[in-house]
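# Architecture at a glance
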Amino acid sequence: MILRCIECGKEYDPTEVRYRCECGGLLEVLVDLDKVENVFDGKNITLWKYESFIPVEKRVSLNEGGTPIYRLENLQTELGMKELYVKNEGANPTGSFKDRGMTVGVSKALELGMDKVICASTGNTSASLAAYAAKSSIKAYVLVPSGKIALGKLAQAIVYGAKVVPIRGNFDDALRVVVEASKELGVYMLNSINPFRLEGQKTIAFEIFDQLGFVPDKVILPVGNAGNISAIWKGFKELYEAGFINKLPQMIGIQAEGASPLAKAWKERRDFKSLKKPETVATAIRIGNPANWPKAWRAVEESGGVLESVTDEEILKAQKMLASKEGIFVEPASASSLAGLMKLRNETEEDESVVLITTGHGLKDPNIILEGFELPEPIEPSLEAFKEVL
């Protein structure tokens, strides 16, 4: 196992605490694929089932992974598709896909002898880091944009015992402080710029193949800090290079229109430019300067995929559709995957298989639902009164 820069190719010892190359490029972990095991039998699916692919010894776990894949029978009929699935990452221990990265990232922190961990977060990362730090009996610091974090996620970080520090600014401002703190104060950073975080998140690809028994034609997912799309692509590529699969999916990343610097650059075929003031109801992807954008761009380009953006109205419509037609309640950011599919429906063949990734549970961010709903007047406690409202 080695750490390698995706820009210049320089290699580093994985026992060194390092998040970027000296040239400024992002790092990736290269695992020895000659030593990985073919455990893809559709049984007993958990994240650590794939430990031969994971470059860290398990030191802390909350039984993450093994999230369900559902066939969206009602929606696939409505959209005129034959095979539409959702991989529901909201079923992880703290309610989001971040737990995959944290079981590996915090295990790596313990391996390196670190006793303090830190992250910037729009919500889900803070909740997950706080939980895994609590399990490991180490200190967690989470920096969040003041007034810009969903209350459900904030409550998690607080109750797990993390030191929650609001920042006057957005996520990108918080991340800048975290990067500086990781250099100066000896705290281990666990944002997705840390390549070991992505080693946990790549297991989503392993589980999709293990659960379905085949590789879908397309995988569609939300893009915020852009780590997850690159991690899932890395997972599929490792399966392919190990000889366990013979095809690769298209990776399709969806951003909220008010926070879509990557999608805009892709569609306009221009250089990436960050967005200073991102705004969207999808708080989990309200990020204007995705730290992992070079990895995400490469994943989409290599897979023949696309980056697209959707409006807040399209996101909220998709959120309601998933809940009312399939019984799956996800936070707004998660619903961007379905919103993206509907926007790109004409570019998807009827017989193609598609997996949507929903990244967080709906109870993470219920405020937007409640703000748009007014309870009816209470009725008298009688059957006759109830009949009148039927």
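Read on for a plain summary of the structure. Fair warning: this is a prediction, and the values are worked out from it, not measured in the lab. (Residues numbered from 1 in each chain as written. Predicted model: local features only at pLDDT ≥ 70, side-chain atom pairs only at ≥ 80, totals over all residues. Heavy atoms only, no water.)

## A short note on the overall build of the protein
The line we're drawing: Only DSSP runs of H or I with at least four residues qualify as helices, and only runs of E with at least two residues qualify as strands; both kinds are numbered from the N terminus onward. We call two residues in contact whenever any of their non-hydrogen atoms come within 4.5 Å of each other. Each accessible area is a Shrake-Rupley estimate made with a 1.4 Å probe; only the visible protein chains count as cover when residues are assessed. In this tally Asp and Glu are treated as negative and Lys and Arg as positive; neither His nor the chain ends contributes. A charge is said to be at NZ when it belongs to Lys, at CZ for Arg, at CG for Asp and at CD for Glu.
Helices and strands together make up the secondary structure of the protein, namely 14 helices and 13 strands. When the backbone C-alpha atoms are referred to their principal axes, the protein occupies close to 75 × 45 × 45 Å. In the protein, the proportion of contacts linking residues at least 24 apart, taken out of those at least 6 apart, comes to 70%. Entry remark: accessible area of the protein is about 16,500 Å², with carbon and sulfur atoms responsible for 48%. A distance of 4 Å separates the average location of the 47 positive side-chain charges in the protein from that of its 54 negative side-chain charges.

## Re the nonpolar core
Rules: Residues grouped as a nonpolar core are buried Ala, Val, Leu, Ile, Met, Phe, Trp, Tyr and Cys residues, joined through side-chain atoms within 4.5 Å. Relative accessibility under 20% of the residue-type maximum defines a buried residue, over 50% an exposed one, and the middle range a partly exposed one, all with a 1.4 Å probe and only protein chains included.
In terms of nonpolar packing, the biggest core is built from 67 residues, with Leu-84, Phe-236, Leu-338, Leu-341 and Leu-356 touching the most fellow members. Per-element tally for this core: the top contributor is helix α7 (residues 203–212), with 6 residues. Among residues more than four places away in sequence, those in contact with Phe-236 are Ala-205, Ile-208, Val-215, Val-219, Ile-245, Leu-248 and Pro-249.

## Some words on the pairing of strand β12 (residues 306–310)
Just so we agree on the cut-off: Strands qualify as paired when DSSP identifies two bridges or more between them.
Here β12 lies mainly inside the structure; 5 of its 5 residues are buried. Here β12 shows two buried faces, one formed by Val-306, Glu-308 and Val-310 and the other by Leu-307 and Ser-309. Sheet topology places strand β11 (residues 250–256) next to β12; 5 bridges connect them, and they run parallel. Bridge pairing in β12 links Gly-253 to Leu-307.

## Remarks on the packing of helix α9 (residues 261–268) against helix α10 (residues 293–303)
Packed helix pairs are characterised by how far apart their axes lie and by the angle those axes make with each other. Worth spelling out the cut-off: Here an angle of 0 to 180 degrees is reported between the N-to-C directions of two axes, which are lines fitted to C-alpha atoms, with helices fitted over the stretch in contact. Every angle not falling under 35 degrees, over 145, or within 65 to 115 is termed oblique; those three ranges are roughly parallel, roughly antiparallel and roughly perpendicular. Crossing chirality is assigned from the near helix's rotation relative to the far helix, an anticlockwise turn below a right angle marking it left-handed and a clockwise turn marking it right-handed. In this classification, Asp, Glu, Lys and Arg are treated as charged, Ala, Val, Leu, Ile, Met, Phe, Trp, Tyr, Cys and Pro as nonpolar, and every other residue, Gly included, as polar.
The contact between α9 and α10 brings their axes to 11 Å, and the two run at 45°. Taken together, the axes of α9 and α10 are oblique relative to one another. When you trace α9 past α10, the crossing you get is right-handed. Residue-level contacts link Leu-262, Ala-265 and Trp-266 of α9 to Trp-293, Ala-296, Trp-297, Val-300 and Glu-301 of α10. Taken together, the residues of the contact of α9 with α10 sort by class into 7 nonpolar, no polar and 1 charged.

## Remarks on the sheet that holds strand β2 (residues 11–12)
The strand order β2-β1-β3 describes an open sheet built from 3 strands, whose pairing is antiparallel. The open sheet has two free edges, formed respectively by β2 and β3 (27–30), since each of these has just one partner strand. Sheet topology places strand β1 (residues 2–5) next to β2; 2 bridges connect them, and they run antiparallel. Directly across from Arg-4, in β2, lies its bridge partner Glu-11.

## Regarding the environment of Lys-148
Relative to the helices and strands, Lys-148 is located in the loop between β7 (139–145) and α4 (151–159). Through-space distance from the C-alpha of Lys-148 to that of Phe-171 is 8.7 Å; in sequence the pair is 23 residues apart. Excluding residues within four positions of it along the chain, Lys-148 makes contact with Thr-122, Glu-279, Thr-283 and Arg-286.

## As for the side chain of Asn-124
Quick reminder of the rule: In the analysis that follows, any N or O atom pair within 3.5 Å is treated as a polar contact, provided that within protein one partner can donate a hydrogen and the other can accept it, and provided that, for residues neighboring in sequence, both atoms belong to side chains.
Note that Asn-124 resides in helix α3 (residues 124–136). Among the polar contacts listed, one links the side chain of Asn-124 to the side chain of Lys-364, at a separation of 3.1 Å.

## Regarding the packing of aromatic side chains
Filter applied, for reference: Any two of the Phe, Tyr and Trp rings considered here, Trp counted by its six-membered ring, make a pair once their centres fall within 6.5 Å; the pair's planes then place it as stacked at under 30 degrees, edge-to-face at over 60, or tilted in between. Lysine NZ or arginine CZ positioned within 6 Å of the ring centre and within 35 degrees of the ring normal marks a charge as sitting over the ring.
Scanning all chains against the criterion turns up 13 aromatic pairs. Stacked on the ring of Trp-266, the Lys or Arg Arg-269 has its end atom at 4.5 Å from the ring centre.

## Digging into the environment of Thr-203
Position of Thr-203 among the secondary structure elements: in helix α7. In contact with Thr-203, not counting residues within four places along its chain, are Leu-47, Tyr-50, Ile-54 and Arg-100. At 3.0 Å, the side chain of Thr-203 and the side chain of Arg-100 are in polar contact.

## Quick look at the packing of helix α2 (residues 98–111) against α3
Axis separation between α2 and α3 bottoms out at 9 Å; the angle between their running directions is 45°. As judged from the angle between their axes, α2 and α3 are oblique. Along this stretch, α2 crosses α3, giving a crossing that reads as right-handed. Together, Lys-98, Asp-99, Met-102, Thr-103, Val-106 and Leu-110 of α2 and Asn-124, Thr-125, Ser-128, Leu-129, Tyr-132 and Ser-136 of α3 make up the contact between the two elements.

## Side note on helix α5 (residues 171–184)
Operational definition: To estimate the expected span of a helix, subtract one from its residue number and multiply by 1.5 Å.
The first and last C-alpha atoms of α5 sit 20 Å apart over 14 residues, in line with the 20 Å expected at 1.5 Å per residue. Residues of α5 that are buried sit in contact with β6 (116–120), β7, β8 (163–167) and β9 (188–189). If you check the start of α5, you find a side-chain oxygen 3.0 Å away from the backbone N of Asp-172, and it comes from Asn-170. Phi for Gly-186, located one or two positions after α5, is positive at around 70°.

## Describing α10
Among the residues of α10, those classed as buried are Pro-294, Lys-295, Ala-296, Trp-297, Ala-299, Val-300 and Ser-303. Looking at the buried side of α10, the elements it contacts are β3, α6 (195–201), α8 (227–241), β11, α9 and β12. Downstream of α10 by a residue or two, Gly-304 has a phi angle that is positive, lying close to 70°.

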